[in-house]
Number of protein chains: 2
Amino acid sequence: MIDMRRWKHVFKLDPDRDIDDMALERICLSGTDAVMVGGTSGVTFDNTVDLLSRIRRFEVDCVLEISDRDAIVPGFDLYFIPIVLNASNPDWIIGHHHLAVKEYGPMMQWDQIVAEGYVILNGDSTAARVTEARTELERSDVEAYAKIAERLFRLPVLYLEYSGTFGDMELVRRTASSLQDARLFYGGGIDGPEKARQAAAAAHTIIVGNAIYENLDRALETVQAIQDVEKGCL
Amino acid sequence: MIDMRRWKHVFKLDPDRDIDDMALERICLSGTDAVMVGGTSGVTFDNTVDLLSRIRRFEVDCVLEISDRDAIVPGFDLYFIPIVLNASNPDWIIGHHHLAVKEYGPMMQWDQIVAEGYVILNGDSTAARVTEARTELERSDVEAYAKIAERLFRLPVLYLEYSGTFGDMELVRRTASSLQDARLFYGGGIDGPEKARQAAAAAHTIIVGNAIYENLDRALETVQAIQDVEKGCL
């Protein structure tokens, strides 16, 4: 059984973006803790199953972050379900989830499902537009969402998503420290080892996504950077 | 520490409705498992604290169901926080909760807080109008909400609220059976011992509210009815 509580570093691959075999091999053999498949737009059953089958040639743990209920592909190790806490469109808090559970409920293996409490923090991102997220948040707003995620909804993951911009590390650090059991996933703007070290010092788990497509060598260096942080070589 | 998992019968008192001392005494000494204070409209700090102080003359467990963050009164045994799963206004899923936690978070005793996943099923009720609830639900919709409440949000209570009408007991029974850990609270239309027996055979916990104000003697008979069900005298 996969223990996502031990993850420090995750690569996130978007089924809607091209990656060649050599690059995919380097990602999968990088020493990352897991590969997460997910994206905000253009994710289909076909491009998801295609990417899964290519990743499955390697031993790395591979999980799906579900963004479209038509693209739920069997065969992943875990299924992450985002609950967008600061969405103003309730479909992204519970609506899509309700339809998915109504349709697939009897087939769902609940021990493979991880609910993530998302807070989307970059108002210019596609994710913010799609979910109509309220991104004008004070630190105290984020801290309140963290409490709701962990104490009211009892979610195992709080995901602070800055999508393409590097976030407020002091906020990330304080929020992570305030959690008792939930894990804080941080994503956004980790374009190389320096940012990876900073984010890893603040969050429980860092997610590296865009950098894979923009500068693969520097993206790969983030894995080693995390291992350095772990060993106290910061 | 109060164990709400053992509750079979609860009386719900509305701070916005009048109840005289004699009636209140009979409610509190009735043998009910708990008195819940809560209402949908007209609930204020003043009428809540007034009702609490009158109930506190008795030994019965007394809990507050929070419907307005300006009416959170200290001194209750537990605080129930409704999360209206079928609200189409996200304020009733997470918005009011977020503001309340932002304001009161540091003072909150989380071990006294119980999150309830509400499904509002009477479209003509005040609760449905206030929360803009989607009440045109099939049985499979309710069953999906139950799974979301328990498995995704890990809420300890699923509350099926028929507000003033007597619900679909077959649906209540099936939904209660589908839960693994969460408790099913049923409210609506329990106007006397016959309905109480039917509801108690379907739900884990029944809530008797309006009957207190409409026919107190029959409301009080629901307590004995539950005890008869418990003893197998149905």
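All figures in this text were calculated on a predicted structure; none of them were measured in a lab.

The next subject is the overall build of chain A. Within chain A, the secondary structure is distributed over nine helices and eight strands. Against the globule reference of 17 Å for 234 residues, chain A gives a C-alpha radius of gyration of 17 Å, in line with a compact fold. Its C-alpha atoms give chain A principal-axis dimensions of roughly 40 × 40 × 35 Å. Out of the 234 residues belonging to chain A, those deemed buried represent 57%. Here the analysis covers contacts within chain A between residues at least 6 apart in sequence; of these, 70% occur between residues at least 24 apart. Accessible surface, chain A as shown: approximately 9900 Å² in total, 44% of it carbon and sulfur.

The full count for this structure, using the stated rule, is zero disulfides over all chains. As a non-bridged cysteine, C62(A) has C28(A) as the owner of its nearest cysteine sulfur, 7.4 Å distant.

Here we come to the interface of chain A and chain B. On the chain B side, the residues contacting the 30 residues of chain A number 30 residues. Overall, the association of chain A and chain B removes approximately 2900 Å² of surface from exposure, summing both partners, and the carbon and sulfur fraction of that is 72%. The interface formed by chain A and chain B holds four salt bridges in total. Residues K102(A) and E138(B) are paired through a salt bridge, measuring 3.4 Å at the closest nitrogen-oxygen approach. Contributing elements (two or more residues each) for the side of chain A that touches chain B: strand 4 (78-84), helix 3 (95-104), strand 5 (113-120) and helix 5 (139-152) of chain A. For the side of chain A that touches chain B, the element with the most residues is helix 5 of chain A, which contributes eight residues. Among the residues forming the side of chain A that touches chain B, the class breakdown is 17 nonpolar, five polar and eight charged.

What relates the two chain copies is a rotation about an axis together with a slide along it. Superposing chain A onto chain B takes a rotation of 180° plus a shift of 0.0 Å along the axis, which leaves an RMSD of 0.0 Å. In symmetry terms, the pair is related by a two-fold rotation axis. Every residue of chain A has its C-alpha some distance from the rotation axis, and the shortest such distance is that of F153(A), at 2.3 Å. Of all interface residues in chain A, 100% are interface residues in chain B too; the two copies therefore contact each other through one and the same surface.

All names here are of chain A. Following the UniProt record, the feature "binding site: sn-glycerol 1-phosphate" (unreviewed entry) maps to K12, Y159, L160, E161, Y162, S163, G164, G189, G209 and N210 here. Mapped onto the elements of the fold, L160 is located in strand 6 (residues 157-161). A residue is classified by how much of its surface remains accessible, and L160, at 0% relative accessible area, is buried. Setting aside chain neighbours within four positions, we find L160 in contact with V119, L121, V142, V172, T175, L184, F185, Y186 and G187. Relative to the assigned elements, G189 resides in the loop between strand 7 (183-187) and helix 7 (193-202). Apart from the residues within four sequence positions on either side, G189 is in contact with G164, T165, F166 and K195.

Turning our eyes to something else, we now look at the UniProt feature "binding site: Mg(2+)" (unreviewed entry) in chain A. Residues and elements named next belong to chain A. According to UniProt, the feature "binding site: Mg(2+)" (unreviewed entry) maps to D14 and T40 in the numbering used here. The named residues occupy 27 residues along the chain; their greatest pairwise C-alpha distance, 8.4 Å, places them in one compact cluster. Given a relative accessible area of 42%, T40 falls into the partly exposed group.

Turning our eyes to something else, we now look at the pairing of strand 7 (residues 183-187) of chain B. Residue and element names in this part refer to chain B. Across the five residues that make up strand 7, a large majority, five, are buried. Of the two faces of strand 7, the one lined by R183, F185 and G187 and the one lined by L184 and Y186 are each fully buried. One ladder, built from five bridges, connects strand 6 (residues 157-161) with strand 7; its direction is parallel. If you follow E161 over to strand 7, its bridge partner there is G187. In this view, the connection linking strand 6 to its parallel neighbour strand 7 by way of helix 6 (residues 169-178) has right-handed handedness. Where strand 7 meets strand 8 (residues 205-208), three bridges bridge the pair, whose relative direction is parallel. When the bridges of strand 8 are listed, G187 appears paired with I207.

To continue, consider unusual backbone geometry. Its identity is not glycine, yet S163(A) carries a phi of approximately 30°, on the positive side. Structurally, S163(A) can be placed in the loop between strand 6 and helix 6 (169-178). One non-glycine residue, E132(B), lies in the positive phi region at around 55°. In this structure, E132(B) sits in the loop between helix 4 (126-131) and helix 5 (139-152).

In this section: the environment of D61(A). Residue and element names in this part refer to chain A. Its place among the elements puts D61 in the loop between helix 2 (45-55) and strand 3 (62-65). Linking D61 and D77, residues 16 residues apart in sequence, is a C-alpha distance of 6.6 Å. Beyond its immediate chain neighbours, meaning those up to four positions away, D61 contacts I2, D33, A34, V35 and D77.

Moving on: the sheet that holds strand 6 of chain B. Residues and elements named next belong to chain B. Read once around its circumference, the closed barrel built from eight strands follows the order 1-2-3-4-5-6-7-8, with strand pairing classed as parallel. The average angle at which neighbouring strand axes cross in this sheet is 30°, direction not considered. Relative to strand 3 (residues 62-65), strand 2 (residues 34-37) runs parallel, the two sharing three bridges. When the sheet's bridge partners are listed, M36 is paired in strand 3 with V63.

Let us look at helix 5 of chain B. The α-helix winds at 3.6 residues per turn, so residues separated by three or four positions along the chain end up facing the same way. Taking 1.5 Å per residue as the helical rise, helix 5 of chain B with its 14 residues ought to reach 20 Å, and the 19 Å between its terminal C-alpha atoms agrees with that figure. If you check which residues of helix 5 of chain B are buried, you get D141(B), V142(B), A144(B), Y145(B), A146(B), I148(B), A149(B), E150(B) and L152(B). In this structure, the buried residues of helix 5 of chain B make contact with strand 4, helix 3 and strand 5 of chain A together with strand 5 (113-120), strand 6 and helix 6 of chain B. Of the residues flanking the end of helix 5 of chain B, it is R154(B), one or two places downstream, whose phi is positive at about 50°.

The rules behind these values
Positions within a chain are numbered from 1, following the residues in the order the chain's sequence is written. Whichever chain is written first is A, and whichever ligand is written first is 1; the rest continue in order. At least 70 in pLDDT is required for a residue's local features to be given in this predicted model, at least 80 for side-chain atom pairs to be given and counted, and no such filter applies to totals for whole chains, interfaces and linings, which use all residues. Hydrogens are left out, water is left out, and the side-chain values use all remaining heavy atoms of the structure. Helix and strand assignments follow DSSP, with helices taken as H or I runs no shorter than four residues and strands as E runs no shorter than two, numbered in order from the N terminus. Each radius of gyration reported is based on C-alpha atoms, and the globular scaling rule is 2.2 Å times the count of residues to the power 0.38. The buried label goes to any residue with under 20% of its type's maximum accessible area, the exposed label to any with over 50%, and the partly exposed label to all in between, with areas taken from a 1.4 Å probe on protein chains only. We call two residues in contact whenever any of their non-hydrogen atoms come within 4.5 Å of each other. The accessible surface values rely on the Shrake-Rupley method and a 1.4 Å probe; as for residues, cover is taken only from the protein chains in view. Disulfide assignment relies on a single distance test, namely cysteine sulfur atoms paired within 2.5 Å. Reported buried area values correspond to the accessible surface (1.4 Å probe) lost by two parts on association, with both partners' losses combined. Only one rule defines a salt bridge in this text: a Lys or Arg side-chain nitrogen within 4 Å of an Asp or Glu carboxyl oxygen. When residues are grouped by polarity, Ala, Val, Leu, Ile, Met, Phe, Trp, Tyr, Cys and Pro land in nonpolar, Asp, Glu, Lys and Arg in charged, and all others, Gly among them, in polar. To line up the copies, we fit them by least squares on C-alpha atoms, keeping just the residues with pLDDT of at least 70 in both. UniProt positions are given in the numbering used here, feature names are shortened, and annotations may be inferred rather than shown by experiment. For two strands to be treated as a pair, DSSP must find no fewer than two bridges joining them. Looking down the strands as they point away from the viewer, one classifies a crossover as right-handed if the path from the first strand across the helix to the second runs clockwise. Axis definition: a line fitted to C-alpha atoms, limited for helices to the stretch in contact. Angles are taken between N-to-C directions and run from 0 to 180 degrees. Residue count minus one, scaled by 1.5 Å, sets the expected span of a helix.

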